[in-house]
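Commentary on secondary and tertiary structure
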Amino acid sequence: MIHIKELHKSFGKNKVLSGINLDIETNGIFAVLGPNGSGKTTLIKSILGMVLPQKGTITVNGGPIKKNWKYREQIDYLPQIANFPGNLKVRELIRMIQDLRRKPSEEQRLITLFQLEPFMDKRLSTLSGGTKQKVNIVLTFMFDCPLIVLDEPTTGLDPASLIHLKGLIREEKEKGKTILITSHIMQFVAEVANTIVYILEGKIYFKGSIPELKEQTRQNDLEHAIAAIANAKNHA
Amino acid sequence: MLKILKYSFFDLIRSRWSYVYFLFYLLLGFVLLFLNNDVSKAVITLMNIIIVLVPLIGTIFGVMYYYNSKEFTELLLAQPIRRSSIFLGQYFGVAGSQTMSLVLGLGIPFVMYGLFKSDAIFDFSLLLVTGAFLTLIFTALSFNIALSNENKIKGFGYAVLLWLFLAVIYDGLFLMSLIIFKEYPLDTFSLAATMFNPIDLSRILILLELDISALLGYTGAVFKKFFGTQTGLIISIVMLVIWTAIPLWWLTYKAKRKDF
Ligand SMILES: Nc1ncnc2c1ncn2[C@@H]1O[C@H](COP(=O)(O)OP(=O)(O)OP(=O)(O)O)[C@@H](O)[C@H]1O
Ligand SMILES: [Mg+2]
C-alpha cells in the first residue's frame, strides 16, 4: 500500500525527517507515535502530497506520488487541525466535498451517529472545537476509500463520541482497510492499533506490535513503554 | 479547475464587497454621463479613473481573498485535485467576479445612454477590455505576493506598495530620469519603461485608440512614432497578455513547490 524510502524533509534549518523508511503492506491499524514536533504530521502530509520532501520517494498503491494527484482518490484524510472555511454552513461544506469527489457517500448515518443535525445550518466559524472535530470525522468517514489517514482523531471529543469513533475505526478495519493514526492517547492506541510506528529524531525508531514493544522495553503497559523509549534516548 | 472557479466565484458574488464594487461603477457611470452628456468624453474621464482604481482593487481583492480562503485551500489540497487547478480556479474566481462588476457596473449606464448608437462603442469596449486585463494582472501579482508571505500584514503591505510603485512612483522616477539624462537619446529607454509598467501600457493603449495626441505624453508619443497607431495597439495588447501570463505561470510554479 505505502512504501516510503529514505525520506528527508527540513523546514529551513529545522531537520524534521532524516531518512524515514517505512513499508505498510498489509491492512490493519498502524499507530504513528512520537513526541510533539517529531514529524508525525509532516510524514502524513508528505504522503498526501501537501508537504514536499527534499529527498526520498513515496509510493501509494504501486505508483509514485510525485507529480500525481489521482491517488488521493484512494485516501480519506482527517487533518490534525480542523480548519474550515468559516462562512460556510456545515451542510454546504459536506455538499461541496461530495461535489468535488463525486463518490457515493453515507454522510446521513454519520450525522445521526454524532448528533450533528442541530448544527447542519450553522456556520463553521460558530461551532465549538469538539463539534468541528465531529464534522471533520464525518467528512473523512463518509467516503469508502481503501486507505484512511487520521491525524489525532480524538482531539476534543466527548466520551460518547470517542466510543462512536472507535466503533467506526473498527468497522473500517474489518472491511480490510489500511488505517494510519497518530495520537497521544495511549489508551486509545492500545485499544485500536495493530502495529506501532515510533518516530524519534527524524527516523523510525521502532516498528512492531504492542507486545513486541512491551517486551523490548520491559514494561507492561504501552504508556510506560513509550515513555521508556523517549527516556532511553535522552540518557543515551 | 472549473469546479473550484465556480465555488470561488459564487462565494465572492454573494459577498458584500462585490456589490459595493458593482454599485460604485454603476454610480460612477451615471454621474459621468450626467456631467458630460457625451459618451466619448465620458470615456476619457473614465479611463483616468479605471487605470488607477482597477489595479488597486485587483490588488486588495487578490490579497484578501487569498488569505481569507486559506482554510478552503487546505481542505482542497487533501482532495484528488491538481494543485494548479486549486490556485488557478480561485484566481479566476476572484478576477472573474471583479471583471463582472466592472463590465456590468459601467456597461448598464452606458448602454442606457445610447452607447450602441454612438461611435464610441469600440473605444468603450477597449476600455473594458483594458480594465479586465488590469484586473487579471494585478490579481495575479497580488496572489503571488500573498503566496510567498505567510504573514498577512506583510503580504498586504507589499501588495499595496507594488500598486503604489506602478501607479504613482514609477512615473515620477521616469520623469526624473528624463530630466537627468536629457542629453542622451531616450527613445529606447522610454519604450522599455512603458513595457515594464502595465498601467502605463494601458493608458497608451487607450489613448492610441482614442487618437488624442495631446494626452499621449512623452512615452505615448515615442510609442506612436516608433510603432504607429495600428502596430502600437497590437503590441500593447500583446504586452498586456504577457503581463498576465508571466505572473500566472509563476503562481503555479510557486504553488507546486510550497508546503502546506
Ligand atoms: N509548514 C511548516 N513550516 C515550518 N516548519 C514546520 C511546518 N510544519 C511543521 N513544521 C515543523 O516541523 C516539526 C514537526 O512538526 P509536526 O507537525 O510534523 O510534528 P508532530 O509530530 O505532528 O507534532 P504533534 O504531536 O504536536 O502533532 C516542528 O518543529 C514544526 O515546527
Ligand atoms: Mg501533528
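Residues numbered from 1 in each chain as written. Chains lettered and ligands numbered in written order. Predicted model: local features only at pLDDT ≥ 70, side-chain atom pairs only at ≥ 80, totals over all residues. Heavy atoms only, no water.

Per an unreviewed UniProt entry, chain B carries the name ABC transporter permease and comes from Euzebyella saccharophila.

As named in an unreviewed UniProt entry, chain A is ABC transporter ATP-binding protein, taken from Euzebyella saccharophila.

**Brief notes about the site of ligand 1**
Residue and element names in this part refer to chain A. The environment of ligand 1 is formed by 14 residues, the closest being Lys40, Thr41, Thr42, Gln80 and His184. Within the backbone of Gly37, one N or O atom sits 2.9 Å away from an oxygen atom of ligand 1. With respect to ligand 1, the side chain of Thr42 contributes an N or O atom lying 2.6 Å from an oxygen atom. When ligand 1 is considered free in solution it has 640 Å² of accessible area, and contact with the protein chains removes 63% of it. Counting residues per element, the ones that place at least two in the shell around ligand 1 are β2 (14–24) and α1 (40–47). With 3 residues, the single largest contributor to the shell around ligand 1 is α1. Taken together, the residues of the shell around ligand 1 sort by class into 3 nonpolar, 9 polar and 2 charged. (Near = heavy atom within 4 Å. Polar contact = N/O pair within 3.5 Å; in protein donor to acceptor, adjacent residues only side chain to side chain. Areas by Shrake-Rupley, 256 points an atom, 1.4 Å probe, with all protein chains shown as cover. Helix = DSSP H or I, 4+ residues; strand = E, 2+ residues; numbered from the N terminus. Nonpolar A, V, L, I, M, F, W, Y, C, P; charged D, E, K, R; others polar.)

**Examining the coordination of the magnesium ion (ligand 2)**
Residues and elements named next belong to chain A. Taken together, Thr41 (OG1) and Gln80 (OE1) make up the protein donors of the magnesium ion (ligand 2), found 1.9 to 2.2 Å from the metal. A residue pair is termed long-range when its members are at least 10 positions apart, and Thr41 in helix α1 and Gln80 in the loop between β6 (75–78) and α2 (90–101) qualify at 39 residues. Of the residues examined, Gln80 reaches a relative accessible area of 31% and is grouped as partly exposed. (Donors = N, O, S within 2.8 Å, 3.2 Å for Na, K, Ca; no water. Buried < 20%, exposed > 50% of the residue type's maximum accessible area, 1.4 Å probe, protein only.)

**Remarks on unusual backbone geometry**
Residues and elements named next belong to chain A. Even without being glycine, Gln115 reaches a positive phi, approximately 50°. Mapped onto the secondary structure, Gln115 falls in the loop between α3 (107–113) and α4 (129–141). In this structure, Glu152 takes a positive phi of about 50° despite not being glycine. Relative to the helices and strands, Glu152 resides in the loop between β7 (147–151) and α5 (159–174). Residue Glu152 is classed as buried on the basis of its relative accessible area, which comes to 12%.

**Some remarks on the packing of helix α4 (residues 70–77) of chain B against helix α5 (residues 83–112) of chain B**
Residues and elements named next belong to chain B. Across the interface, α4 lies against α5 with an axial gap of 10 Å and an inter-helix angle of 155°. By the angle class used here, α4 and α5 are roughly antiparallel. Crossing handedness for the pair α4 and α5: right-handed. Residues Phe72, Thr73, Leu76 and Leu77 of α4 lie in contact with α5, whose contacting residues are Arg83, Ile86, Phe87 and Gln90. For the contact of α4 with α5, the class distribution of residues is 5 nonpolar, 2 polar and 1 charged. (Axes fitted to C-alpha atoms, helices over the stretch in contact; angles between N-to-C directions. Parallel < 35°, antiparallel > 145°, perpendicular 65-115°, else oblique. Left-handed = near helix turned anticlockwise from the far one by under 90°. Contact = heavy atoms within 4.5 Å.)

**Observations regarding the UniProt feature "transmembrane region" (unreviewed entry) in chain B**
As annotated by UniProt and renumbered to match this structure, "transmembrane region" (unreviewed entry) occupies residues 20–36, 42–67, 88–112, 124–147, 159–181 and 233–251 of chain B. Annotated as 100% helix and 0% strand, the span residues 42–67 of chain B places its first and last C-alpha atoms 36 Å apart. (UniProt positions renumbered as here; feature names shortened; annotations may be inferred.)

**Some thoughts on the sheet that holds strand β5 (residues 63–64) of chain A**
Residue and element names in this part refer to chain A. Overall, antiparallel pairing links the 4 strands, which are arranged β2-β1-β4-β5 in an open sheet. A single partner strand is all that each edge strand has here, and the edge strands are β2 and β5. Note: strand β1 (residues 2–11) against β2, 8 bridges, orientation antiparallel. Note that in β2 the partner of Ile2 across the bridge is Ile24. (Pairing = 2+ DSSP bridges.)

**Topic: the packing of aromatic side chains**
Residue and element names in this part refer to chain B. Evaluated as defined, the whole model comprises 19 aromatic pairs over all chains. With centroids separated by 5.7 Å and ring planes inclined at 45°, the aromatic side chains of Tyr21 and Phe61 adopt a geometry described as tilted. Separated by 40 residues along the polypeptide, Tyr21 in helix α2 (residues 16–36) and Phe61 in helix α3 (residues 39–68) bring together distant segments of the chain. Accessibility assignment for this pair places Tyr21 and Phe61 in one class, buried. Members of the aromatic cluster, joined through ring pairs, are Tyr66, Tyr67, Phe87, Tyr91, Phe92, Phe143 and Phe260. One Lys or Arg, Lys258, reaches over the ring of Phe260 and ends 5.5 Å from the middle of that ring. (Phe/Tyr/Trp six-rings, centres within 6.5 Å; stacked < 30°, edge-to-face > 60°. Lys NZ or Arg CZ within 6 Å of the ring centre and 35° of its normal.)

**Considerations on the side chain of Gln79 of chain B**
Turning to its location among the elements, Gln79 of chain B is positioned in the loop between α4 and α5. Using a relative accessible area of 8% as the deciding quantity, one classes Gln79 of chain B as buried. Once residues lying within four places of it in the same chain are set aside, the contact partners of Gln79 of chain B are Arg72, Ile97 and Arg101 of chain A.

**Topic: α2 of chain B**
Residue and element names in this part refer to chain B. Along its 21 residues, α2 runs 30 Å from first to last C-alpha, staying within 8% of the 30 Å computed at 1.5 Å per residue. Among the residues making up α2, those that are buried are Ser18, Tyr21, Tyr25, Leu26, Leu28, Gly29, Leu32 and Leu33. Within α2, the buried residues cover an arc of 160° as seen down the axis, which keeps them to one side. The outward face of α2, more than 90 degrees from its buried face, is lined by the exposed residues Arg16, Leu27, Phe34 and Leu35. (Expected span 1.5 Å × (residues − 1). Arc of directions from axis to C-beta.)

**A few points about the side chain of Thr194 of chain B**
With respect to the secondary-structure elements, Thr194 of chain B resides in helix α8 (residues 187–195). In this structure Thr194 of chain B touches Asp200, Leu201, Ile204, Thr219 and Phe223 of chain B, once residues within four positions along its chain are discounted.

**A short note on the environment of Ile179 of chain A**
All names here are of chain A. Here Ile179 shows up in strand β8 (residues 178–182). Measuring from C-alpha to C-alpha, the distance between Ile179 and Val149 comes to 5.9 Å, with 30 residues separating the pair along the chain. The contacts of Ile179, once residues within four sequence positions are left out, are Gly28, Ile29, Phe30, Ile148, Leu150, Ile169, Glu172 and Lys173.

**Things to note about the pairing of β1 of chain A**
All names here are of chain A. The antiparallel pairing of β1 with β2 creates a hairpin that spans 2 residues between the two strands, and Gly12 there sits at a positive phi of about 65°. In this sheet, strand β4 (residues 55–60) lies alongside β1 in antiparallel orientation, the contact comprising 5 bridges. Note on β4: the bridge partner recorded for Ile2 is Val60.

**Things to note about the interface of chain B and chain A**
The interface of chain B with chain A comprises 23 residues on the first partner and 26 residues on the second. Summed over both partners, the interface of chain B with chain A comes to about 2,200 Å²; 57% of that surface belongs to carbon and sulfur atoms. The largest share of the area that chain B buries against chain A comes from Leu75, Pro80 and Asp259 of chain B, three residues that together contribute 26% of it. Applying the counting criterion to the chain B and chain A interface returns 3 salt bridges. A salt bridge links Asp99 of chain A to Lys6 of chain B; the nearest nitrogen and oxygen atoms lie 3.5 Å apart. The interface formed by chain B and chain A includes 14 residue pairs in polar contact (both at pLDDT 80 or more). Examining the composition of the side of chain B that touches chain A, we find that 6 residues originate from one element, α4 of chain B, more than from any other. (Buried area = accessible area lost by both parts, 1.4 Å probe. Salt bridge = Lys/Arg side-chain N within 4 Å of Asp/Glu carboxyl O.)

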